[in-house]
Amino acid sequence: MSSVTQLFKNNPVNRDRIIPLDFTNTKTLPDSHVWSDSEPELEPEPMTRAIPVVSLSSPEQVLLQHACEEWGVFHITDHGVPHLLLQNVECQMKRLFSLPMHRKILAIRSPDESTGYGVVRISMFYDKLMWSEGFSVMGSSLRRHATLLWPDDHTEFCNVMEEYQKAMEDLSHRLVSIVMGSLGLTHEELRWLVPDRTGSRTDSIQSFLQLNSYPVCPDPHLAMGLAPHTDSSLLTILYQGNIPGLEIQNPQEESRWIGVEPIEGALVVIMGDLSHIISNGRFKSTMHRAVVNKTHHRVSAAYFSGPPKNLQIGPLTRDKDHPPIYRRLIWEEYLAAKATHFNKALTLFRC
Ligand SMILES: O=C(O)CCC(=O)C(=O)O
Ligand SMILES: [Fe+2]
């Protein structure tokens with residue numbers, strides 16, 4: 001019996017918590033996917049334009065600090081990731097998610113796995129289902145799952161995704177150095193947080209690539225692409241093409257949302273819970289979500305940058321006036337808490 005067949009045998013009632021809806025064959029929103037009956041409270045466009053844009057060719061320290069402390073989200077330009085690579089990633093994501101369901105299901109992620117095709121992981125924390133599907137990649141899982149999807153034709157997909165992961169790894173190291181350097185982390189502490197690829201502990205690094213797909217939706221105001229959450233990572237680098245959908249909670253008023261409109265050629269950086277802990281609460285780990293639309297299939301690629309999983313971390317504060325507000329913890333311990341307590345995990349580690 002195949003592992004997927006076994007899975008359905010063991011979880012007959014949870015099928016829709018494992019396999020996304022076949023969106024291409026769904027012309028009206030099923031009740032399982034209806035979230036609300038009101039228009040989202042969106043801030044007008046000027047707020048969108050206020051989200052900082054940081055050029056990595058000469059990052060301005062003051063702007064960067066403002067971006068991390070007041071927003072927790074910012075655009076980066078001059079990041080050095082080739083435009084062609086971004087286009088190829090988008091093209092391969094569309095190729096993957098356009099496969100018929102009976103093919104995508106061959107790479108299904110079972111509940112005890114972290115890689116492969118399926119519903120977004122945070123689905124289990126919500127009663128309603130999301131209007132999205134995902135493909136999670138970590139290490140050697142890429143080739144294993146791609147071979148299941150395209151037995152004779154997976155080389156291009158794998159090459160593009162491997163090149164992208166490498167580009168994201170280099171870029172995230174640069175970003176972590178710049179951002180954490182602004183907190184006064186020493187060279188040694190930085191190397192510990194983001195060891196280079198040649199280091200001996202790279203196999204245990206918890207970085208992760210998540211490909212998201214938000215199909216065209218018959219009733220976008222009633223649906224949810226990706227429910228509100230914070231990322232557990234040190235930081236997340238998001239490629240969202242040119243279709244809007246990402247929204248962040250207004251830092252001044254939590255019930256309102258601000259659209260992060262795509263900027264041609266830019267990537268989005270989202271500060272994660274781990275940066276919030278290390279910075280002793282100075283850097284924001286901003287709540288964000290993705291909404292869907294009626295006309296365009298939107299795809300996004302989120303690269304979650306994390307340290308080695310057995311790393312002990314805690315607030316870096318050398319300032320007596322600001323004692324630690326979080327206790328020290330093992331990174332893996334935090335991931336486990338997040339997997340159980342989701343958006344309440346941070347509060348469990350408060351001093
Ligand atoms: O697709 C997006 O815009 C957001 C993705 C995201 O927040 C995530 O994958 O954690
Ligand atoms: Fe996220």
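See the structure printed just above.
Now for a quick tour of the structure. Source: prediction; values computed, not measured.

1. A short note on the overall build of the protein
- When you go through the protein residue by residue, the secondary structure sums to 11 helices and 14 strands.
- Dimensions along the principal axes, computed over C-alpha positions, put the protein at roughly 60 × 50 × 40 Å.
- The proportion of buried residues among the 351 residues of the protein is 52%.
- The contacts of the protein with a sequence gap of at least 6 include a subset with a gap of at least 24, amounting to 75%.
- Put simply, the protein shows about 16,300 Å² of open surface, and 53% of that area lies on carbon and sulfur atoms.
- Charge-centre separation for the protein: the mean point of 33 positive side chains lies 4 Å from the mean point of 40 negative side chains.

2. Let's talk about the packing of aromatic side chains
- Scanning all chains against the criterion turns up nine aromatic pairs.
- Measuring from centroid to centroid gives 4.5 Å for Phe-125 and Phe-342, while their planes differ by 5°, and the two rings are stacked. Of this pair, Phe-125 sits in the loop between β3 (116-118) and β4 (133-137) while Phe-342 sits in the loop between α10 (331-341) and α11 (345-348), and the two are 217 residues apart along the sequence.
- What makes Phe-125 partly exposed here is its relative accessible area of 29%.
- A residue is classified by how much of its surface remains accessible, and Phe-342, at 8% relative accessible area, is buried.
- On the numbers, 5.6 Å between centres and 55° between planes, the contact of Tyr-334 with Phe-349 is tilted. Here Tyr-334, found in helix α10, pairs with Phe-349, found in the segment after α11; they are 15 residues apart in sequence, far enough to count as distant.

3. Considerations on the site of ligand 1
- Of all residues adjacent to ligand 1, which total 13 residues, the nearest are Asn-212, Tyr-214, His-288, Arg-298 and Ser-300.
- At a separation of 3.1 Å, an oxygen atom of ligand 1 approaches a polar side-chain atom of Asn-212.
- For ligand 1, whose accessible area on its own is 290 Å², the fraction buried by protein is 97%.
- With four residues, strand β12 (residues 298-305) is the largest single contributor of residues to the shell around ligand 1.
- When the residues that make up the shell around ligand 1 are grouped by side-chain class, the tally is seven nonpolar, four polar and two charged.

4. Thoughts on the packing of helix α4 (residues 83-97) against helix α7 (residues 155-181)
- Close contact between α4 and α7 brings their axes to 10 Å; oriented N to C, the two are set at 135°. With respect to α7, the axis of α4 lies oblique. Crossing of α4 over α7 shows left-handed handedness. Contacts between α4 and α7 involve Leu-85, Leu-86, Asn-88, Val-89, Gln-92, Met-93, Arg-95 and Leu-96 on the former and, on the latter, Glu-156, Phe-157, Val-160, Met-161, Glu-163, Tyr-164 and Ala-167.
- In the contact of α4 with α7, the residues fall into 10 nonpolar, two polar and three charged.

5. Looking at the coordination of the iron ion (ligand 2)
- Surrounding the iron ion (ligand 2) are the protein donor atoms His-229 (NE2), Asp-231 (OD) and His-288 (NE2), which sit 2.1 to 2.3 Å from the metal.
- Donor residues for the iron ion (ligand 2) sit on one chain with the sequence pattern H-x1-D-x56-H. You can see His-229 sitting in strand β6 (residues 226-229) and its partner His-288 sitting in strand β11 (residues 288-290), a full 59 residues away along the chain. In terms of burial, His-229 and His-288 fall into one category: buried.

6. Side note on the sheet that holds strand β9 (residues 253-259)
- In spatial order, the strands read β6-β11-β8-β9; together these four strands make up an open sheet with antiparallel pairing. Two strands in the sheet have a free side with no partner beyond their single neighbour: β6 and β9. Within this sheet the neighbouring strands show an average axis-to-axis angle of 20°, counted without direction.

Reading guide: rules and limits
Residues numbered from 1 in each chain as written. Chains lettered and ligands numbered in written order. Predicted model: local features only at pLDDT ≥ 70, side-chain atom pairs only at ≥ 80, totals over all residues. Heavy atoms only, no water. Helix = DSSP H or I, 4+ residues; strand = E, 2+ residues; numbered from the N terminus. Buried < 20%, exposed > 50% of the residue type's maximum accessible area, 1.4 Å probe, protein only. Contact = heavy atoms within 4.5 Å. Areas by Shrake-Rupley, 256 points an atom, 1.4 Å probe, with all protein chains shown as cover. Lys, Arg positive; Asp, Glu negative; His and termini not counted. Charge placed at Lys NZ, Arg CZ, Asp CG, Glu CD. Phe/Tyr/Trp six-rings, centres within 6.5 Å; stacked < 30°, edge-to-face > 60°. Near = heavy atom within 4 Å. Polar contact = N/O pair within 3.5 Å; in protein donor to acceptor, adjacent residues only side chain to side chain. Nonpolar A, V, L, I, M, F, W, Y, C, P; charged D, E, K, R; others polar. Axes fitted to C-alpha atoms, helices over the stretch in contact; angles between N-to-C directions. Parallel < 35°, antiparallel > 145°, perpendicular 65-115°, else oblique. Left-handed = near helix turned anticlockwise from the far one by under 90°. Donors = N, O, S within 2.8 Å, 3.2 Å for Na, K, Ca; no water. Pairing = 2+ DSSP bridges.

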